[in-house]
Amino acid sequence: MKILVIQTAFIGDVILATPVLEKLHKYYPEADVDLLVRKGNESLFKGHPFLHKVIVWDKKNRKLKNLLSLASEVRRSKYDIAINLHRFASSGFIMLFSGAKEKIGFDKNPFSFCYTRKIKHVIGNGKHEVERNIELIASFTDAERQLPRLYPQPFDFKNVKTYTSSPYICIAPSSVWFTKQFPPHKWIEFINKLDAKYSICLLGAANDSGLCQEIVEATGNRAINLAGKLSFLETAALMKGAIMNYVNDSAPMHIASAMDAPVTAVFCSTVPAFGFGPLSSKSFIVETSAELDCRPCGLHGYKACPKKHFKCAETIVADQLINTLQ
């Protein structure tokens, strides 16, 4: 049996697709399971123990040409089942021309008319995104929740060993969206209140290095700036051994979940009820206790607070984060 799973969205979305991979492997261990992701996310699956192939779509360069080429490649592969977790047109186009015997996806995709089975995707009904994703394959596996999982290799753990010699905390202070990001001065206030026995690792992409360095300098070099210095899987390996990982509602939260690493997720403009919260066995959610009629202001956040006060973040206090260390 040949199965294709498609999720060409961002890092967090791809990590939340891994429960589908896990469950497919559990029920069909002999199947060839391929995964289609956007360029840049393929390194999440380096050395993956049971994926047959990772197919990469370059969305930034010659997007349309690459899409047509990709659709042709998928069709030539003659999949028995194609499962699309992505809800937008580009992936639906691939499904339309996939030639798969069975095409499964969410009803919100503009090309869902070509699906042999489509599932409603509802945000805010109490279900987590991993449960919504599992619904796509529940008819031929089961509907039980499956946790996300990543597979760092031994050398990933070896590469971060230098940062693990004493009890440490990881902080991923950045987010693509301003209103989903705990403000820098709040992270600084939090770090200044931390017990000196903890070393602190600041995580992020290369373009987060400036923010991390600002935090390092404002806290008297208490932290190590690792932004842009670790791969996804090295980051996962480091987070696994942390006393606690402090994150925004963003990709590092899902990396922690995939490693069952302790995590404290700070929710500013978004809310856990959307179904994208932490899944680790030791996880905490920190959010404002203020009654704000403007929160949540959107599913993905904004580049600036629409009300210009950002009270959903400014009313969170450092002690709320400190308390999760107890």
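Structure report, in brief.

The rules behind each value
- Residues numbered from 1 in each chain as written.
- Predicted model: local features only at pLDDT ≥ 70, side-chain atom pairs only at ≥ 80, totals over all residues.
- Heavy atoms only, no water.
- Helix = DSSP H or I, 4+ residues; strand = E, 2+ residues; numbered from the N terminus.
- Rg over C-alpha atoms; globule rule 2.2 N^0.38 Å.
- Buried < 20%, exposed > 50% of the residue type's maximum accessible area, 1.4 Å probe, protein only.
- Contact = heavy atoms within 4.5 Å.
- Areas by Shrake-Rupley, 256 points an atom, 1.4 Å probe, with all protein chains shown as cover.
- Lys, Arg positive; Asp, Glu negative; His and termini not counted.
- Charge placed at Lys NZ, Arg CZ, Asp CG, Glu CD.
- Phe/Tyr/Trp six-rings, centres within 6.5 Å; stacked < 30°, edge-to-face > 60°.
- Lys NZ or Arg CZ within 6 Å of the ring centre and 35° of its normal.
- Axes fitted to C-alpha atoms, helices over the stretch in contact; angles between N-to-C directions.
- Parallel < 35°, antiparallel > 145°, perpendicular 65-115°, else oblique.
- Left-handed = near helix turned anticlockwise from the far one by under 90°.
- Nonpolar A, V, L, I, M, F, W, Y, C, P; charged D, E, K, R; others polar.
- Core = buried A, V, L, I, M, F, W, Y, C linked by side-chain atoms within 4.5 Å.
- Arc of directions from axis to C-beta.
- Pairing = 2+ DSSP bridges.
- Right-handed = clockwise from strand over helix to strand, strands pointing away.

1. Quick word on the overall build of the protein
Within the protein, the secondary structure is distributed over 12 helices and 12 strands. Relative to a compact globule of 326 residues, whose C-alpha radius of gyration would be 20 Å, the protein shows 20 Å and is just as compact. Seen along its three principal axes, the alpha-carbon backbone of the protein occupies a region of about 60 × 45 × 40 Å. A buried classification covers 55% of the 326 residues belonging to the protein. In the protein, the proportion of contacts linking residues at least 24 apart, taken out of those at least 6 apart, comes to 60%. Within the structure as shown, the protein displays about 14,600 Å² of accessible surface, and the carbon and sulfur contribution to it stands at 53%. Where the 41 positive side-chain charges of the protein centre and where its 30 negative ones centre are 5 Å apart.

2. Things to note about unusual backbone geometry
Backbone torsion omega between R295 and P296 reads 0 degrees, so that peptide bond is classified as cis. Topologically, P296 is positioned in the loop between β12 (283-286) and α11 (311-314). For N221, which is not glycine, the phi torsion reads 60 degrees and is therefore positive. By secondary structure assignment, the location of N221 is in the loop between α8 (209-218) and β9 (223-225). Owing to a relative accessible area of 58%, N221 belongs among the exposed residues under this scheme.

3. Focus: helix α4 (residues 89-96)
For α4, the set of buried residues is S90, S91, G92, I94 and M95. Against the buried residues of α4 lie β1 (2-6), β2 (32-38), β3 (53-57), α3 (63-77), β4 (81-84) and β5 (102-106).

4. Quick look at the packing of aromatic side chains
Across all of its chains, the model carries nine aromatic pairs by this definition. Here F111 and F113 contribute two aromatic rings whose centre-to-centre distance is 5.9 Å and whose plane-to-plane angle is 35 degrees, an arrangement assigned as tilted. In this structure F113 comes out as exposed when scored by relative accessible area, which is 58%. Judged by centre distance (5.1 Å) and plane angle (90 degrees), the ring pair of F182 and W187 falls under edge-to-face. Assigned by exposure class, F182 and W187 land together as buried. Cluster of aromatic residues (ring-pair linked, three or more members): F93, F97, F111 and F113. Positioned above the aromatic ring of Y79, the side-chain terminus of K2 is 5.5 Å from the ring centre. Sitting above the plane of the F276 ring, R132 keeps its charged end 5.4 Å from the centroid.

5. Regarding the packing of helix α7 (residues 184-193) against α8
Running from N to C, α7 and α8 point in directions that differ by 40 degrees, and their axes come no closer than 10 Å. When the axes of α7 and α8 are compared, the pair comes out oblique. Classified by chirality, the crossing of α8 by α7 is right-handed. For the pair α7 and α8, contact is made by P184, W187, I188, I191 and N192 and by L211, E214, I215 and A218, respectively. A breakdown of the residues in the contact of α7 with α8 according to their chemical character gives seven nonpolar, one polar and one charged.

6. Looking at the nonpolar core
Among the nonpolar cores identified, the biggest contains 52 residues, and V5, L24, I83, L150, L203 and L238 are the most heavily contacted of them. It is helix α9 (residues 232-240) that contributes the most residues to this core, five residues altogether. Setting aside its immediate chain neighbours within four residues, L238 contacts V160, Y163, T164, Y168, C170, C201, L203, L226 and L230. In this structure, I169, I171, F182 and L292 belong to the second largest nonpolar core, which totals 32 residues.

7. As for α8
Within α8, burial applies to L211, C212, I215 and V216. The buried residues of α8 occupy an angular sector of 140 degrees when the element is viewed end-on, so they sit on one face. For α8, the exposed residues set more than 90 degrees away from the buried face come down to G210 and E217. Its buried side turned inward, α8 meets α7, β8 (199-202) and β9. Immediately downstream of α8, the backbone of G220 shows phi near 65 degrees, a positive value.

8. Topic: the pairing of β5
Residues in a regular strand point their side chains to alternate faces of the sheet. Of all five residues that make up β5, four are buried, and the element is covered over most of its length. Across four bridges, β4 lies against β5 in parallel orientation. Paired with I81 across the strands is E102, a residue of β5. Remark: the β4/α4/β5 crossover connection has right-handed handedness.

9. Concerning the packing of α9 against helix α10 (residues 251-258)
α10 packs onto α9 with a crossing angle of 65 degrees between their chain directions and a minimal axis gap of 9 Å. Two packed elements cross with a definite hand, and for α9 against α10 that hand is right-handed. The residues of α10 that touch α9, namely those facing T235, A236 and M239, are P252, I255 and A256. Its residues assigned to classes, the contact of α9 with α10 comprises five nonpolar, one polar and no charged.

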